[in-house]
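Structure assessment
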Amino acid sequence: MDYKTAIRENTNKPQLSFTELAQIIAGLSGNERPDGRMEIDGNNLDKILKSFLGNDGSTAAWFHYNNPEVQAKINWYYDVNEGAGYFTIK
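The paragraphs below set out a description of the structure included in this document. (Residues numbered from 1 in each chain as written. Predicted model: local features only at pLDDT ≥ 70, side-chain atom pairs only at ≥ 80, totals over all residues. Heavy atoms only, no water.)

**Observations concerning the overall build of the protein**
The helix and strand tally for the protein stands at four helices and five strands. Moving toward the C terminus, one meets the helices and strands of the protein in the order α-β-α-β-β-α-α-β-β. Here the protein has a C-alpha radius of gyration of 13 Å; the compact-globule value for 90 residues is 12 Å, and the two agree. The principal-axis extent of the C-alpha atoms belonging to the protein is close to 40 × 25 × 25 Å. Within the protein, contacts between residues separated by at least 24 positions form 41% of all contacts whose residues are at least 6 apart in sequence. A total of about 5,700 Å² of accessible surface is found on the protein, and carbon and sulfur atoms cover 46% of it. Placing the 9 positive and 12 negative side-chain charges of the protein at their respective mean positions leaves the two points 4 Å apart. (Helix = DSSP H or I, 4+ residues; strand = E, 2+ residues; numbered from the N terminus. Rg over C-alpha atoms; globule rule 2.2 N^0.38 Å. Contact = heavy atoms within 4.5 Å. Areas by Shrake-Rupley, 256 points an atom, 1.4 Å probe, with all protein chains shown as cover. Lys, Arg positive; Asp, Glu negative; His and termini not counted. Charge placed at Lys NZ, Arg CZ, Asp CG, Glu CD.)

Encoded structure:
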């Protein structure tokens, strides 16, 4: 699957947070729960992120997501049109 294109087709937003990006990926490639919500396990999400962000881009996204101290100082977002992740200073 071409995830960059599929993500672009599933949002009108120019930028996505890690959580928003993960939700779209779960909708595309996850499993449906009994309550109708979609979910994806971390290993599969990581494989998919690496497929279009590369190893370094995926590591950067996870690093930001898993570190509240980092989140307090910098933002991470996925640029939908460029298909890449970026850090910005708060």
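**Here's the deal with the pairing of strand β4 (residues 74–79)**
Judged from the two bridges that link them, strand β1 (residues 15–16) and β4 form a sheet pairing that is antiparallel. Looking at the pairing, Q15 lines up with D79 of β4. As paired strands, β4 and strand β5 (residues 84–89) are joined by six bridges and run antiparallel to one another. Opposite Y77, over in β5, you have Y86 as the bridge partner. Hairpin connection between β4 and β5: a loop of four residues separates the two successive antiparallel strands, and G83 in this loop has a positive phi of roughly 70 degrees. (Pairing = 2+ DSSP bridges.)

**Thoughts on the nonpolar core**
Core analysis: the largest hydrophobic core is formed by 18 residues, its most contacted members being I7, L21, I25, L49, F52 and Y78. Secondary structure elements with two or more residues in this core: α1 (3–9), α2 (18–29), α3 (42–65) and β4. Top contributing element to this core by residue count: α3, with seven residues. Leave out the neighbours within four places in its chain, and L21 touches I7, L16, L49, F52, W76 and Y78. (Core = buried A, V, L, I, M, F, W, Y, C linked by side-chain atoms within 4.5 Å. Buried < 20%, exposed > 50% of the residue type's maximum accessible area, 1.4 Å probe, protein only.)

**Comments concerning the pattern of salt bridges**
Inspection of every chain in the model, using the stated rule, returns four salt bridges. D35 serves as the salt-bridge partner of R33, at 3.1 Å between the closest nitrogen and oxygen. By relative accessible area, D35 is classed as partly exposed at 46%. One network of salt bridges, in which partners are shared, links R33, D35 and E39. (Salt bridge = Lys/Arg side-chain N within 4 Å of Asp/Glu carboxyl O.)

**Some remarks on α3**
Because an α-helix packs 3.6 residues into every turn, residues spaced three or four apart end up facing the same way. In this model, α3 (24 residues) spans only 12 Å end to end at C-alpha, well below the 34 Å of a helix rising 1.5 Å per residue. Along its length, α3 shows its largest kink, about 120 degrees, at L53. Looking at α3, one finds that the buried residues are L45, D46, I48, L49, F52, L53, S58, A61, W62 and H64. In the core, the buried residues of α3 are packed alongside α1, α2, α4 (68–71), β4 and β5. The backbone nitrogen of N43 has a side-chain oxygen 3.0 Å away, supplied by the residue at the start of α3, namely D41. (Expected span 1.5 Å × (residues − 1). Bend = angle between axes of the 7 residues up to and from the residue. Polar contact = N/O pair within 3.5 Å; in protein donor to acceptor, adjacent residues only side chain to side chain.)

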